[in-house]
Amino acid sequence: MKNIVVLVSGGGTNLQALIDAQESGVIKGGKITCVISSKPGVYALERAKYHHIKSRVIARKEYGDVVEYSTAILEALQEEKADLVVYAGFMTILDELVIKAYPYKMINVHPALIPSFCGKGYYGLRVHEEVLKKGVKLTGATVHFVTEVCDGGPIILQKAVEVESSDTPEVLQKRVMEQAEWKILPQAVSLFCEDKLEVKNEIVYIK
Ligand code: GAR
């Protein structure tokens, strides 16, 4: 059984999708053993508590620079014996010292079809605001491995979602979550835990 550590910063609906998938037996070969939040008091922590999952708060604002913060996160991941680290709405960019310690063992869910609407500054509702400003007709979500390049790591799964002319950022965000993120994130986690993901030359192959 692989130890899955989930990093969160907010409401935790993607964490909930993982918990639901785990409880219904969809995630094979792994178990969520710890949730780490970069912010105290967020609802994701309540979700962990309700499902008897250990949680820790490592508050970003208590650390000066990113290296100091990343060192604290790395120590926690090692203490928790993480085999897989999942960014589920984790809004902090970590230093490469963490990423190098978990090569192709960290995955992120992004609320757009990478390489569109991604990179520094594209997070949360802002992504959907930009999608609507541009007038694209299809958006979606991407699950990818985390590398030193923000939102630039090898793509594991993607799912497209239609944009409607009456959409607000909030309405579109909800549709992307329901139709894409909450589906492909648990799928990707399960594939990883079953050792079905192989990366060759930055391309992910599903075995
Ligand atoms: C999700 O839409 C997730 O894809 C996004 O933030 C939201 C968090 O919601 N993440 C990013 O934008 C990271 N670049 P949640 O806390 O309810 O899972």
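See the structure printed just above.
Quick caveat, the model's predicted, so the values are computed rather than measured.

## Considering the pattern of salt bridges
Inspection of every chain in the model, using the stated rule, returns 11 salt bridges. Glu 148 is the salt-bridge partner of Lys 100, the closest N and O atoms lying 3.9 Å from each other. Here Glu 148 lies in the loop between strand S6 (138-145) and strand S7 (155-162) and Lys 100 lies in helix H4 (residues 96-101), a separation of 48 residues in the sequence. Linking Lys 196 and Glu 194 is a salt bridge whose minimum nitrogen-to-oxygen distance equals 3.6 Å. Looking at Lys 196, the relative accessible area reads 32%, which means it is partly exposed. Three or more residues joined by partner-sharing salt bridges are found here, namely Lys 54, Arg 56, Glu 79 and Glu 80.

## Thoughts on the packing of helix H1 (residues 13-23) against helix H6 (residues 169-193)
Where H1 contacts H6, the axes come no closer than 9 Å and their chain directions differ by 55°. By the angle between their axes, H1 is oblique relative to H6. The crossing of H1 and H6 is right-handed. Contacts from Thr 13, Asn 14, Ala 17, Leu 18 and Ala 21 in H1 reach Met 177, Glu 181, Trp 182, Leu 185, Pro 186 and Val 189 in H6. Split by residue class, the contact of H1 with H6 holds 8 nonpolar, 2 polar and 1 charged.

## A closer look at the sheet that holds strand S4 (residues 84-87)
One open sheet holds the 7 strands; their spatial order is S3-S2-S1-S4-S5-S6-S7, and the pairing between them is mixed. Strands at the two margins of the open sheet, each flanked by one partner only, are strand S3 (55-57) and S7. Sheet twist, expressed as the average angle between the axes of neighbouring strands with direction ignored, equals 20°. Of the pairings in the sheet, the one linking strand S1 (residues 2-8) to S4 comprises 4 bridges and is parallel in character. Residue pairing for S4: Ile 4 is matched across the bridge by Leu 84. Across the sheet, H1 touches S1, strand S2 (30-37), S4 and strand S5 (106-110), and the angle it forms with S2 is around 160°. Where helix H3 (residues 66-79) meets the sheet, it contacts S1, S2, S3 and S4, and its direction lies at approximately 150° from that of S2.

## Describing the site of the ligand
Around the ligand, 14 residues are found, and the nearest of them are Gly 12, Thr 13, Asn 14, Gly 124 and Glu 181. Contact distances for the ligand include 2.6 Å between an oxygen atom and a side-chain N or O atom of Thr 13. Measuring from an oxygen atom of the ligand, one finds a side-chain N or O atom of Glu 181 at 2.6 Å. Burial of the ligand by the protein chains amounts to 92% of its free accessible area of 450 Å². Listed by contribution, the elements that provide at least two residues to the shell around the ligand are H1, S5 and H6.

## A closer look at the pairing of strand S8 (residues 197-200)
Remark: a regular strand shows side chains that alternate across the two faces of the sheet. Pairing of S8 with strand S9 (residues 203-206), which is carried by 4 bridges, proceeds in the antiparallel orientation. Bridge pairing links Lys 200 to Ile 203 in S9. From the end of S8 to the start of S9, which pair antiparallel, there are 2 residues, and Asn 201 there has a positive phi angle of about 50°.

## Some details on the packing of aromatic side chains
Two numbers describe a pair of aromatic rings. These are the distance of the centres and the angle of the planes. Per the counting criterion, the structure on display carries 5 aromatic pairs. Geometrically, the ring pair formed by Tyr 63 and Tyr 69 is edge-to-face, given 5.4 Å between the ring centres and 70° between the ring planes. On the accessibility criterion, Tyr 63 (26% relative accessible area) is partly exposed. Residue classification places Tyr 69 among the buried positions, given a relative accessible area of 0%. With a centroid separation of 5.3 Å and 85° between ring planes, the pair formed by Tyr 87 and Phe 90 is classed as edge-to-face. For Tyr 87, a relative accessible area of 7% puts it in the buried group. The class for Phe 90 is buried, based on a relative accessible area of 6%.

Each value, and the rule that gives it
- Residues numbered from 1 in each chain as written.
- Predicted model: local features only at pLDDT ≥ 70, side-chain atom pairs only at ≥ 80, totals over all residues.
- Heavy atoms only, no water.
- Salt bridge = Lys/Arg side-chain N within 4 Å of Asp/Glu carboxyl O.
- Helix = DSSP H or I, 4+ residues; strand = E, 2+ residues; numbered from the N terminus.
- Buried < 20%, exposed > 50% of the residue type's maximum accessible area, 1.4 Å probe, protein only.
- Axes fitted to C-alpha atoms, helices over the stretch in contact; angles between N-to-C directions.
- Parallel < 35°, antiparallel > 145°, perpendicular 65-115°, else oblique.
- Left-handed = near helix turned anticlockwise from the far one by under 90°.
- Contact = heavy atoms within 4.5 Å.
- Nonpolar A, V, L, I, M, F, W, Y, C, P; charged D, E, K, R; others polar.
- Pairing = 2+ DSSP bridges.
- Near = heavy atom within 4 Å.
- Polar contact = N/O pair within 3.5 Å; in protein donor to acceptor, adjacent residues only side chain to side chain.
- Areas by Shrake-Rupley, 256 points an atom, 1.4 Å probe, with all protein chains shown as cover.
- Phe/Tyr/Trp six-rings, centres within 6.5 Å; stacked < 30°, edge-to-face > 60°.

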